[in-house]
Amino acid sequence: MRPLLSLRGLRLSYAPKAAPVLDQLDLDIFDGETLCLLGQSGCGKSTLLRLIAGLEQPRSGAIIWAEGAPPQIGFVFQEPNLMPWADVFANVYLPLRLAGVSRAKAAPRVMQALAQVGLPDAAQALPRQLSGGMKMRVSLARAIVDGPKLLLLDEPFAALDEITRWQLNDLLLQLRGENAATIVFVTHSVYEAANLASRVAVMRARPGKIDALLPLSESGLARRHSVSYADDCGKIGEALERAMAKS
Amino acid sequence: MTKSLAPALTLVALVLFWEAAVRFFAIPPAQLPAPSLIAATLCDNARPLLAATATTLGVALQALLLAAIGGVALALIFAWSPLLEKAFLPLAIGLQVTPLIAVAPLLLIYLNSRAAVLACAFLVAFFPILSNALAGLDATNRGLVELFRLKGASRGKILLLLRLPSALPQIFTGLRIGGGLSLIGAVAAELAAGAAGSGEGLAFRIVEAGYRLKIPLMFAAVALLCFCGVALYAVLAGLSRLALRRWRD
């Protein structure tokens, strides 16, 4: 596999003399992989994701894209961040609207994205009429509607109950199969990382950097039911503890 | 049903208590007229009072419309350019905190009385609309702003497609406040212009009735003003509910 992007010597601080949030961070992200960024609160996971998305600029270092420029990126935030005045269709249509695609032309793609996240009949619903899990599904549909090559997810399911969280984990694995996108998923849950990732990057804090990279043994749907799941959780947990001890 | 009846029943009870108190204590109309006498005076003077109401309300509505357009437009300009906001917001605050009653005589020197009344009503209604619209524009969901940026949206698109609709609840709050204030501004300016003004508005009728010691007529004019204020608020609240129905549970 070739890297879709390479991060080299990234350093980010919010003021010139402030302690860096990220420092000397190197990481390759490979085409088609699901990489989970795992670490304690405040270690810079979300900041790293925002750097990749171009929402923050590093003070030094470089983000090298395989194709020279960033591909189409889909982003799912911690909150669903839906427009309350717009129905589900309009919310999912947003990336295409901003790209100048007409509503009529976009309609089949919007409906397909809604079908993919299991909400084929919710197009006319308003965000306030949806549950937390459904809102997050709409947010996922919005992230995949324009066919992104890279999907960035920032602890998207952290606020959901356990059952909904597993359901959305399964949905994400299914979407990965259908859309063949590279996924970078931020989480602080060892179990979620073991369930989703083809590789886990464990981060340490102050300053944030990659402490360990763990390729996982198998990948596919419902990983949490596989025999290696408990071993993977143990391995990731130990790596996380080591990283925390160094922070 | 009970909820919607409660304010009407409270009002009826108060009016009945007022009527009973005036009759029981035999209070002379020059001191405190009974509601029945005020109503009769209102009927007897319906034509001039309604004409005066139309004048005052007309000015207040024109001022509100101008303040709504100006306030929201200026808020959009400030949101577009923080530098312009820094440069001009202190001026807007200065205008807001200067007592209207001190500004009105000055305006009367430079403008004819009708324009001065309109300017006063505009000045008091303008600031709450501007400041609420600005607060709404500034409170846009940060995640959505970032999503727009990620998808390459220009500042203009972010402003019109995201920040403006996001700010609608606060803009309507500003309009509800500004509606009441525009009426207060119009009346205050009419009072200031009273002696020199054209003598068309409700405030002038109040002053005129006061000079002639026609206390029931003063009460009738005040009741009309109160009714206009409540009606204006109700219309704006209705418009707000209609426009924001998608936000509500």
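Since we're looking at a predicted model, the values are computed, not measured.

S.K.: Even after reading the chapter, I still don't get the overall build of chain A, so can you show me in this structure?
M.R.: A count of helical and extended segments in chain A gives 7 helices and 9 strands. Rg of the C-alpha trace for chain A: 18 Å, near the compact-globule value of 18 Å for 247 residues, within the 12% margin. For chain A, the spread of C-alpha atoms along the three principal axes comes to 50 × 45 × 35 Å. Expressed as a percentage of the 247 residues in chain A, the buried residues total 43%. A separation of at least 24 residues holds for 73% of the contacts in chain A among residues at least 6 apart in sequence.

S.K.: Sorry, what's going on with the overall build of chain B here?
M.R.: When helices and strands are counted, chain B shows 10 helices and 0 strands. The helix and strand sequence of chain B, counted from the amino end, reads α-α-α-α-α-α-α-α-α-α. For chain B, the C-alpha atoms occupy an extent of roughly 75 × 50 × 25 Å along the three principal directions. Scored against the burial criterion, the 249 residues of chain B give a buried share of 38%. A sequence separation of at least 24 residues applies to 77% of the contacts in chain B between residues at least 6 apart.

S.K.: In this structure, what is going on with the interface of chain A and chain B? I would like to understand it.
M.R.: The figure often quoted for interface size is the accessible area lost as the parts come together. Listed as interface residues are 15 residues of chain A and, on the opposing side, 16 residues of chain B. At the level of elements, β5 (73-76) and α2 (88-98) of chain A are the ones that each hand at least two residues to the side of chain A that touches chain B. Grouping the constituent residues of the side of chain A that touches chain B by class yields 12 nonpolar, 1 polar and 2 charged.

S.K.: In this structure, what is going on with the sheet that holds strand β1 (residues 3-12) of chain A? I would like to understand it.
M.R.: Hydrogen bonds along the backbone pair up the strands of a sheet, which may run parallel or antiparallel. Residues and elements named next belong to chain A. Sheet architecture is open: 3 strands sit in the order β2-β1-β4, paired in antiparallel fashion. Lying at the two open borders of the sheet, with one neighbouring strand each, are β2 (22-30) and β4 (60-65). Ignoring which end each strand starts from, the neighbouring axes of this sheet average 5° apart. Pairing analysis gives 6 bridges linking β1 to β2, with the strands arranged antiparallel.

S.K.: Before we go on, may I ask you to explain the packing of helix α3 (residues 46-80) of chain B against helix α9 (residues 202-211) of chain B in this structure?
M.R.: Two measures define how a pair of helices packs: the angle their axes make with one another and the distance between the axes. All names here are of chain B. Between α3 and α9, the least distance of the axes is 7 Å, while the angle of their chain directions is 135°. Considering the angle they form, α3 stands oblique to α9. From α3, P48, L49, A52, T53 and T56 reach across to α9, where they touch L202, A203, F204 and R205. Residue composition of the contact of α3 with α9, by class: 6 nonpolar, 2 polar and 1 charged.

S.K.: How do you make sense of the environment of L27(A) when you look at a structure like this?
M.R.: All names here are of chain A. With respect to the secondary-structure elements, L27 resides in strand β2. Sequence separation between L27 and F89 is 62 residues, and the spatial gap between their C-alpha atoms is 37 Å. Not counting the four nearest positions on each side in its chain, L27 is found in contact with L7, A201 and I210.

S.K.: Looking at this structure, how should I read the confidence of the model for chain B?
M.R.: Interpreting fine coordinate detail is not advised for predicted regions of low pLDDT. Per-residue confidence for chain B gives a mean pLDDT of 89, with 96% of residues at or over 70. Here the prediction assigns the complex a pTM of 0.84, and the interface score ipTM is 0.88.

S.K.: What exactly am I supposed to notice about the pairing of strand β6 (residues 150-154) of chain A here?
M.R.: Regular strands place side chains that alternate from one sheet face to the opposite one. Residues and elements named next belong to chain A. With 5 of its 5 residues buried, β6 lies for the most part within the structure. Burial along β6 is two-sided: L150, L152 and D154 facing one way and L151 and L153 facing the other are all buried. Inspection of the sheet shows β5 paired to β6 by 4 bridges, in the parallel sense. When the sheet's bridge partners are listed, G74 is paired in β6 with L151. Of the crossover connections in this fold, the one passing from β6 over helix α5 (residues 162-179) to the parallel strand β7 (residues 182-187) is right-handed.

S.K.: Can you walk me through the environment of F88(B) in this structure?
M.R.: Along the chain, the position of F88(B) falls in helix α4 (residues 82-97). It is 23 Å that separates the C-alpha atoms of F88(B) and T173(B), two residues lying 85 residues apart in sequence.

S.K.: Where do I start with the domain arrangement of chain A in this structure?
M.R.: Residues and elements named next belong to chain A. As far as domains go, chain A holds domain 1 (1-71 + 152-247) and domain 2 (80-148). Summarising the inter-unit geometry, the C-alpha centres of domain 1 and domain 2 are found 25 Å apart. Residues that form the side of domain 1 that touches domain 2 fall into these classes: 8 nonpolar, 3 polar and 1 charged.

S.K.: It is not clear to me how the pairing of strand β9 (residues 209-215) of chain A should be interpreted in this structure. Could you clarify?
M.R.: Residue and element names in this part refer to chain A. Direction of pairing for strand β8 (residues 199-204) relative to β9: antiparallel, over a ladder of 6 bridges. From the neighbouring strand, V202 faces β9, where its bridge partner is A212. Hairpin connection, β8 to β9: the antiparallel pair is bridged by 4 residues, and R206 has positive phi, about 50°.

S.K.: What should I look at first to understand the nonpolar core in this one?
M.R.: One broad rule of soluble globular proteins: the nonpolar side chains tend to lie buried together. Ranked by internal contacts, the top residues of the largest apolar core, which has 76 residues, are L37(A), L38(A), V92(A) and L152(A). There are two domains that each give this core at least three residues, and those are domain 1 (1-71 + 152-247) and domain 2 (80-148) of chain A. In contact with L37(A), other than residues within four places in its own chain, are K45(A), L48(A), L49(A), V184(A), V186(A), A201(A) and M203(A). Counting 62 residues, the second-largest nonpolar core is a separate cluster that includes A60(B), F78(B), V103(B) and A121(B).

S.K.: Teacher, can you tell me more about the sheet that holds β6(A) here?
M.R.: All names here are of chain A. Pairing is mixed across the open sheet formed by 6 strands, whose spatial order is β5-β6-β7-β3-β8-β9. The outermost strands of the open sheet, each flanked by one partner alone, are β5 and β9. Looking at each pair of strands side by side, their axes are set apart by 15° on average, direction ignored. Across the sheet, helix α4 (residues 132-144) touches β5 and β6, and the angle it forms with β5 is around 165°.

S.K.: Explain the packing of α3(B) against helix α10 (residues 215-243) of chain B to me, please; I cannot follow it from the model alone.
M.R.: All names here are of chain B. Interaxial distance between α3 and α10 falls to 11 Å at its minimum, and their mutual angle equals 40°. It follows that α3 is oblique to α10 by the angle criterion. The hand of the α3/α10 crossing is right-handed. Seen from α3, the contacting residues are L49, T53 and L57; seen from α10, they are A220, A221, L224 and C228.

The rules behind the values
Residues numbered from 1 in each chain as written. Chains lettered and ligands numbered in written order. Predicted model: local features only at pLDDT ≥ 70, side-chain atom pairs only at ≥ 80, totals over all residues. Helix = DSSP H or I, 4+ residues; strand = E, 2+ residues; numbered from the N terminus. Rg over C-alpha atoms; globule rule 2.2 N^0.38 Å. Buried ≥ 20, exposed ≤ 12 C-beta atoms within 10 Å, placed from the backbone. Contact = placed C-beta atoms within 7 Å. Nonpolar A, V, L, I, M, F, W, Y, C, P; charged D, E, K, R; others polar. Pairing = 2+ DSSP bridges. Axes fitted to C-alpha atoms, helices over the stretch in contact; angles between N-to-C directions. Parallel < 35°, antiparallel > 145°, perpendicular 65-115°, else oblique. pLDDT = per-residue confidence, 0-100. Right-handed = clockwise from strand over helix to strand, strands pointing away. Domains from an automatic or database assignment. Core = buried A, V, L, I, M, F, W, Y, C linked by C-beta atoms within 7 Å. Left-handed = near helix turned anticlockwise from the far one by under 90°.

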